[in-house]
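So you can see what is in the structure, the chains are spelled out below.
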Amino acid sequence: MLLIFDLDGTLIDSKCCIVKATQEAFGLHGLPAPSENQIVDKMGIPIEVTFPEWSGWTNAQLVMGSYRSLYGELSRAVSAARFEHGKSRLGLRQIARKKLRQIICKVKHTE
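Everything numeric in this text was worked out from a predicted model, so none of it was measured.

1. Examining the environment of Trp 54
- Along the polypeptide, Trp 54 turns up in helix H3 (residues 47-55).
- Trp 54 sits 16 residues away from Gln 38 along the chain, and the two C-alpha atoms are 9.6 Å apart.

2. Here's the deal with the side chain of Thr 22
- With respect to the secondary-structure elements, Thr 22 resides in helix H1 (residues 15-28).
- Note on Thr 22: relative accessible area 2%, which makes it buried.
- Each residue touching Thr 22, except ones within four places of it in the same chain, is listed here: Pro 34, Ile 39, Phe 51, Trp 54 and Tyr 67.

3. Looking at the pattern of salt bridges
- Counted according to the given criterion, the structure contains 4 salt bridges.
- Lys 15 is the partner of Glu 36 in a salt bridge, and the nearest nitrogen-oxygen pair spans 3.8 Å. Of this pair, Glu 36 sits in helix H2 (residues 36-42) while Lys 15 sits in helix H1, and the two are 21 residues apart along the sequence.
- Accessibility expressed as a relative area gives 40% for Glu 36, which makes it partly exposed.
- With relative accessibility at 34%, the residue Lys 15 sits in the partly exposed group.

4. So, the packing of aromatic side chains
- Applying the stated criterion across every chain yields a total of 5 aromatic pairs.
- Here Phe 51 and Trp 54 contribute two aromatic rings whose centre-to-centre distance is 5.9 Å and whose plane-to-plane angle is 40°, an arrangement assigned as tilted. Linking Phe 51 with Trp 54, this pair stays in helix H3, spanning 3 residues, or about one helical turn.
- Under the relative-accessibility criterion, Phe 51 is labelled buried at 1%.
- Relative accessible area serves as the criterion here: at 22%, Trp 54 is assigned to the partly exposed category.

5. Digging into the side chain of Ser 55
- Structurally, Ser 55 is set in helix H3.
- At 2.7 Å, the side chain of Ser 55 forms a polar contact with the backbone oxygen of Phe 51.
- Once you skip the residues sitting within four places of it in the chain, Ser 55 turns out to touch Phe 26, Leu 31, Ala 60 and Val 63.

What counts and how
Residues numbered from 1 in each chain as written. Predicted model: local features only at pLDDT ≥ 70, side-chain atom pairs only at ≥ 80, totals over all residues. Heavy atoms only, no water. Helix = DSSP H or I, 4+ residues; strand = E, 2+ residues; numbered from the N terminus. Buried < 20%, exposed > 50% of the residue type's maximum accessible area, 1.4 Å probe, protein only. Contact = heavy atoms within 4.5 Å. Salt bridge = Lys/Arg side-chain N within 4 Å of Asp/Glu carboxyl O. Phe/Tyr/Trp six-rings, centres within 6.5 Å; stacked < 30°, edge-to-face > 60°. Polar contact = N/O pair within 3.5 Å; in protein donor to acceptor, adjacent residues only side chain to side chain.

Spelled out as structure tokens, the structure:
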């Protein structure tokens, strides 16, 4: 048997990292940051669509680059902490003991 997990929203919750990284990225470039509600409402829509709406086309590439760096740093720290202290690790150990093959998928646009 093969079990396939989606990482984001299943094994981890990245909402806090997405909101924080977005707001910090806009702030780094002196731009007004979208609210948490605005960000959450657009989650799942690529940043190549949402960031130009919020920042204008001339700033979008810079803000997206900053966001990707910030999100990477934040998500690694938060995910590691949650995985180490959360139920995800226990659940994956139980699956491993049953000798079931596992695949964890995370798809993100990269340039």
